Amino acid sequence: MAAYMSAGRSENAFSTHDFVPEWAQEEVSTGTTIMAVEFDGGVVIGADSRTTTGAYIANRVTDKLTPIHDHIFCCRSGSAADTQAVADAVTYQLGFHSIELDEPPLVQTAANLFQQMCYRYREELMAGIIVAGWDKRRGGQVYTVPMGGMIVRQPVSVGGSGSSYIYGFMDSNYKPGMTKEECLHFCTQALALAMERDGSSGGVARLAAITEEGLERRVVLGHQLPKFSNT
Amino acid sequence: MERNLIDSQIKGVSTGTTILAVTFNGGVIIGSDSRASIGGYYVSSKTINKLIQVHDRIFCCIAGSLADAQAVTKAAKFQISFHSIQMESPPLVKAAASVLKELCYNNKEELQAGFITAGWDRKKGPQVYTVALGGMLLSQPFTIGGSGSTYIYGYADAKYKPDMSKEECLQFATNALALAMGRDNVSGGVAHLVVITEEGVEHIVIPGDKLPKFHDE
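Residues numbered from 1 in each chain as written. Chains lettered and ligands numbered in written order. Predicted model: local features only at pLDDT ≥ 70, side-chain atom pairs only at ≥ 80, totals over all residues. Heavy atoms only, no water.

In this model, chain A carries an average pLDDT of 90, and 88% of its residues clear a pLDDT of 70 or more. Below a pLDDT of 50 lies the segment residues 1–16 of chain A, which in the model reaches 5 contacts outside its immediate sequence neighbourhood of four places, other chains included. (pLDDT = per-residue confidence, 0-100. Contact = heavy atoms within 4.5 Å.)

The following block contains the structure:
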């Protein structure tokens, strides 16, 4: 640590060890709530919009729903840098694969590409990803690739720090055979509940519905979210 | 894989658990699971009763270190019954909760147990109090606690309504316990429920196979 001896030196000459605020020393993380639901004909995905560095909210309008291909999205949770890097790599690999095949890629292919990368670099990465989309072979599919690099297909999946609080809500409220609107309503409620309880989740609720026709995105602003207060 | 660190910091037997208490129109329901485990690796009891009666119409349920909880409730039971004899009337629920709070706060360095106190008294009717780990006392219309409660915050926030009927409240409590026991590996066994009203106390036990099942079971 440098010592400043000159009496005339201004206060601006400080060393970075002392005066960098705590939030600038922490890694950027998407402590978050993400989820995805299959329905007959497609999937609905949702996420909150908060990115934090420690206690500071670095971005309060983040878009954690990242397109990987025309009908395939991923929801990112964990380290923002790690998930962005992995998503970029998979987007490139999948695009190349699709051109080789001369066909739209399968959701299962995208999910396995994520899984391979997350498993190979499991010690270095902190990434929990949900891959969801529509393809002609199997319709709407949701694959979850949590930290560590496992892959499993589930009809409904939640992830991120806020997901702990909504497992009970998800288990009791999900029914197989819901319509697209019912799925959107279910996701909105679940995200609102998680955002209420998890300090690392908040902002707006971003939703997207992916079907054969294409993509439909929605944003539910903070004041429009369903309220569940009991006080 | 991530380890469950919540209970492994408690030495010995702990009630990694799910507990809850909910007021309804005319009474209060207090409920819990029945599993006691050591660090999440060994279930030392499948049928432990975590609902301790501290007076005629006052129960408390315990979470955390089982030894600490038993020691505290034993001392609290004595103090509450002594207080009740001195006052020549049944104790207030708030008084019982305060006794627990004093014990938890004054011994906060050594203890690792949290409590939910619920009951009925003539002054304020049905009440629920939480005594958290460091000794904070809080009154709420309903409360959930223990390691399994994390998974049902969303469900409880969405489904609780003030002034429910006894049947609605039983359904709410049973569902909440079943959902938590389904996701938390250190909660399980049977569901214990106690319904406390002015008339009396009713103990209901629901074995694991009779609990409500959800879509993926």
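Picking up where we left off.
This part is about the state of the cysteines. Enumeration according to the criterion identifies 0 disulfides over all chains in this entry. You can see Cys118 of chain A has no disulfide; the closest cysteine sulfur is in Cys74 of chain A, sitting 9.6 Å from it. The cysteine Cys61 of chain B is free of any disulfide, with Cys60 of chain B supplying the nearest cysteine sulfur at 7.0 Å. For Cys61 of chain B, a relative accessible area of 0% translates into the label buried. (Disulfide = S-S within 2.5 Å. Buried < 20%, exposed > 50% of the residue type's maximum accessible area, 1.4 Å probe, protein only.)

With that settled, the discussion passes to the side chain of Asp135 of chain A. Residues and elements named next belong to chain A. Assignment of secondary structure puts Asp135 in strand 8 (residues 127–135). Here Asp135 is buried and forms no salt bridge, its nearest opposite-charge partner Arg138 lying at an N-O distance of 5.8 Å. Here the side chain of Asp135 touches Arg138 through a polar contact of 2.8 Å, landing on its backbone nitrogen. When neighbours within four sequence positions are excluded, Asp135 is seen to be in contact with Pro105, Leu106, Val107, Gln108 and Gln141. (Helix = DSSP H or I, 4+ residues; strand = E, 2+ residues; numbered from the N terminus. Lys, Arg positive; Asp, Glu negative; His and termini not counted. Salt bridge = Lys/Arg side-chain N within 4 Å of Asp/Glu carboxyl O. Polar contact = N/O pair within 3.5 Å; in protein donor to acceptor, adjacent residues only side chain to side chain.)

Quick look at the packing of helix 2 (residues 66–87) of chain B against helix 3 (residues 93–106) of chain B now. Residues and elements named next belong to chain B. One can describe the packing of helix 2 onto helix 3 by two numbers: an axis separation of 9 Å at closest approach and a directional angle of 135°. By the angle between their directions, the pair helix 2 and helix 3 is classed as oblique. For the pair helix 2 and helix 3, the sense of crossing is right-handed. Contact residues: Val72, Ala75, Ala76, Gln79, Ile80 and His83 in helix 2; Ala95, Ala96, Val99, Leu100 and Leu103 in helix 3. (Axes fitted to C-alpha atoms, helices over the stretch in contact; angles between N-to-C directions. Parallel < 35°, antiparallel > 145°, perpendicular 65-115°, else oblique. Left-handed = near helix turned anticlockwise from the far one by under 90°.)

Residues and elements named next belong to chain B. Read from one edge of the open sheet, 5 strands run 11-2-3-12-13, paired in antiparallel fashion. Strands at the two margins of the open sheet, each flanked by one partner only, are strand 11 (142–145) and strand 13 (201–206). Adjacent strand axes in the sheet meet at a mean angle of 15°, parallel and antiparallel pairs treated alike. Relative to strand 11, strand 2 (residues 19–24) is paired through 4 bridges, and the arrangement is antiparallel. (Pairing = 2+ DSSP bridges.)

It is worth spelling out the UniProt feature "active site" (unreviewed entry) in chain B at this point. Residues and elements named next belong to chain B. UniProt annotation of "active site" (unreviewed entry) refers to Thr17 when read in the numbering used here. Turning to its location among the elements, Thr17 is positioned in the loop between strand 1 (14–15) and strand 2. Accessibility expressed as a relative area gives 1% for Thr17, which makes it buried. Setting aside its immediate chain neighbours within four residues, Thr17 contacts Asp33, Lys50, Ile62, Ala63, Gly145, Gly146, Ser147, Gly148, Ser149, Asp184, Val186 and Ser187. Only 2.6 Å separates the side chain of Thr17 from the side chain of Asp33, close enough to count as a polar contact. (UniProt positions renumbered as here; feature names shortened; annotations may be inferred.)

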